[in-house]
Amino acid sequence: MGKGGDAGVKTNSGAKLQKYTWTEVKKHAQPADAWMVYNNKVYDVSNWHGHPGGAVIFTHAGDDMTDIFAAFHAAGSHNMMKKFLIGDLIPDFEHKDQHQRDFEKAYRDLRSKLVMMGMFKSNVGFYIYKQISQISMWAASMAMMYYSENPLVHIASAMLMGLFFQQCGWLAHDFLHHQVFKNRRHGDYAGLFWGNLMQGFSVQWWKNKHNGHHAVPNLHNSSAVATDGDPDIDTMPLLAWSVTQAQQYRELQADGKDSPFVKFMIKNQHIFYFPILLLARLSWLNESFKTSFGLGAASENAAIELKLKGLQYPIAEKSFITMHHIWMFAYACGFGRFSFLYSAALYLLVTASSGFYLAIVFGLGHNGMATYNADKRPDFWKLQVTTTRNITGGHGLPQFFVDWFCGGLQYQVDHHLFPGIPRHNLRKTHEFVESFCKEWDVQYHEADMYDGTIEVLECLQTVGHEFVIDFVKDGPTM
């Protein structure tokens, strides 16, 4: 078993490094025994919970982390890995043939080309404009609720506030992906403002969940008890994105069976998809509050991270979440003018509209696309491309509206390949990605919002049907 957690004592002293095969590396695929490869060097990060990015590092235990590392780390970060170095990787053509090696070199060269072209540099003026427009949207919604006694104006204000929350999500997303500032702490501070204070979502909760998603999009856990899958598709018992996911959930039950609730939900999940989206923000608010105040964690990885490291910004997390709920309470009750029922209805309207605006965009990004088991994932580029859908204009929605509404995530494929590229450079980046995919015969998918939604619903219906068949094989009919 490796000892990466104590790696500070095993620096390279000049001795000749040991050589390892892929077969040997793949034996070390658990957090307590984690080896991984970066540029054909083998590193032992076993039990290293001091990783600044959290437990997401263990999603690539026993695998090649070269490309996901480049996607998420600043230039020069690999120098901090020297203390974990244990050996060299022996080239293995059974694991990667020459075509695969050429393909990986080509997309790494493309990344270098985009860096040289300045695609990773942000436009300060663009983000000043976005923040001013955000504050203006918030102020308009607050003024409508404060000055008007017209219920229709209150409804419009609530819908506008829901849209404000959605757009806050995209803005915080850009800052926390460190697309805007070179100094990552500055990005965190901006994320705390737009995330915790204005939107009510914990930065630490979001980082743990979202970083894991980027590392392993649409991957199921390698086993029912593993935590190496995508947290964004961990939606059981409400939604199953494959029969494998439903089977893994079944294995976790004490009796090894599906409850009547699970059977009903998965069989009819295409019907409940949109109602679930309407309530999604309530779940995110709950998880954010629990994370900020130490009341629980959304996943096993998050629980370990909080236990060993605590909150990165404990005072800011708690203070800003509290302040968010205070100003949101004042807003929903009309600054003291409205009855309890009227206030509750407005609060739910804001919450439901925001959840819908947010979830329909990132749901289109990945839902209904390919899923894989974590231990059988393809290479970085193919994983990101085949699990992701771009969103185009169509069915009456012009491209400029889609670009604004989706906040950069209309180029979800390109964002997943290069998460550090600011949204205002993604259109140009997409031209290179599209050309690269054609050159190497890699299929990427795009659809407008209507067709993409139909694809998601058809996927849910198909999985629900397959779930019924799978259950009938193992037990009585429903």
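Note that the structure is predicted; figures quoted are calculated from it, not measured.

### Notes on the overall build of the protein
Counting its regular elements, the protein contains 19 helices and 10 strands. Compactness check: the protein gives a C-alpha radius of gyration of 23 Å against a globular reference of 23 Å for 478 residues, within 12% of the reference. Along the first, second and third principal axes, the C-alpha atoms of the protein reach 75 × 60 × 45 Å. Across the 478 residues that make up the protein, the buried fraction comes to 51%. Residue pairs in contact within the protein that sit at least 24 positions apart in sequence constitute 73% of those at least 6 positions apart. Surface exposure of the protein reaches about 22000 Å², of which carbon and sulfur atoms provide 61%. Positive and negative charge centroids in the protein, built from 41 and 44 side chains respectively, lie 7 Å apart.

### Points about the pairing of strand E3 (residues 33-38)
Among the six residues in E3, six count as buried, and that is most of the element. Both faces of E3 are covered, namely the face carrying Asp33, Trp35 and Val37 and the face carrying Ala34, Met36 and Tyr38. Note: strand E2 (residues 29-30) against E3, two bridges, orientation antiparallel. Directly across from Gln30, in E3, lies its bridge partner Asp33. Linking two consecutive strands that pair antiparallel, namely E2 and E3, is a turn of two residues. Across four bridges, the pairing between E3 and strand E4 (residues 41-44) is antiparallel. Counterpart to Tyr38 in the pairing with E4 is Lys41. Counting the residues between successive antiparallel strands, the hairpin from E3 to E4 contains two residues, one of them, Asn39, with a positive phi of roughly 50°.

### A short note on the nonpolar core
Of all hydrophobic cores here, the largest spans 62 residues; its most connected members are Met161, Phe164, Trp194, Trp241, Tyr331, Val361 and Phe405. Top element by residues in this core is helix H5 (residues 151-176). It accounts for 11 residues. One finds Ile57, Ala61, Phe380 and Val442 within the second-largest nonpolar core, a separate group that totals 45 residues.

### Describing the side chain of Asn196
Here Asn196 is to be found in helix H6 (residues 184-199). Contact partners of Asn196, with chain neighbours within four places excluded, come to Gly191, Phe201, Ser202, Val203, Ser292, Ala316, Glu317, Phe320, Ile321 and His324.

### Here we look at the packing of aromatic side chains
If you walk through the whole model with that rule in mind, you get 36 aromatic pairs. Ring centres 5.6 Å apart and planes at 55° place the aromatic pair Trp284 and Phe362 in the tilted group. Of this pair, Trp284 sits in helix H11 (residues 280-292) while Phe362 sits in helix H14 (residues 340-366), placing them 78 residues apart in sequence. With a centroid separation of 5.5 Å and 20° between ring planes, the pair formed by Phe401 and Phe405 is classed as stacked. Taken together, the residues Phe401 and Phe405, both in helix H16 (residues 399-406) and four residues apart, mark about one turn of the helix. A residue is classified by how much of its surface remains accessible, and Phe405, at 9% relative accessible area, is buried. Of the aromatic side chains, those joined through ring pairs into one cluster are Phe103, Tyr107, Phe120, Phe380, Trp381, Phe418, Phe436 and Trp440.

### What to know about the confidence of the model for the protein
Counting all residues, the mean pLDDT for the protein is 90, and 94% of those residues have values of 70 or more. Confidence over residues 7-12 falls short of pLDDT 50; this stretch has 12 contacts with residues more than four positions distant or in other chains.

### Thoughts on the pattern of salt bridges
Tallied over the full model, the rule gives 16 salt bridges. Between Asp88 and Lys41 there is a salt bridge, with the nearest N and O atoms lying 2.6 Å from each other. You can see Asp88 sitting in strand E6 (residues 85-89) and its partner Lys41 sitting in strand E4, a full 47 residues away along the chain. Its salt-bridge partner being Asp232, residue Lys209 comes within 2.5 Å of it at the nearest N-O pair. Residue Lys209 is found in helix H7 (residues 203-215), and its partner Asp232 is found in the loop between strand E7 (219-220) and helix H8 (243-252); the two are separated by 23 residues along the sequence. The exposure class assigned to Asp232 is partly exposed, which follows from its relative accessible area of 25%. Via salt bridges that share partners, Asp67, Glu104 and Arg108 belong to a single interconnected network.

### So, unusual backbone geometry
Residue Met236 is joined to Pro237 through a cis peptide bond whose omega torsion reads 10°. For Pro237, the position within the fold is in the loop between E7 and H8. Phi is positive for Phe335, which is not a glycine, with a value near 55°. Tracing the backbone shows Phe335 in the loop between helix H13 (314-332) and H14. Although it is not a glycine, Asp441 sits at a positive phi angle of roughly 55°. Within the secondary structure layout, Asp441 lies in the loop between helix H18 (426-439) and strand E10 (445-448). For Asp441, a relative accessible area of 60% translates into the label exposed.

Conventions used here
Residues numbered from 1 in each chain as written. Predicted model: local features only at pLDDT ≥ 70, side-chain atom pairs only at ≥ 80, totals over all residues. Heavy atoms only, no water. Helix = DSSP H or I, 4+ residues; strand = E, 2+ residues; numbered from the N terminus. Rg over C-alpha atoms; globule rule 2.2 N^0.38 Å. Buried < 20%, exposed > 50% of the residue type's maximum accessible area, 1.4 Å probe, protein only. Contact = heavy atoms within 4.5 Å. Areas by Shrake-Rupley, 256 points an atom, 1.4 Å probe, with all protein chains shown as cover. Lys, Arg positive; Asp, Glu negative; His and termini not counted. Charge placed at Lys NZ, Arg CZ, Asp CG, Glu CD. Pairing = 2+ DSSP bridges. Core = buried A, V, L, I, M, F, W, Y, C linked by side-chain atoms within 4.5 Å. Phe/Tyr/Trp six-rings, centres within 6.5 Å; stacked < 30°, edge-to-face > 60°. pLDDT = per-residue confidence, 0-100. Salt bridge = Lys/Arg side-chain N within 4 Å of Asp/Glu carboxyl O.

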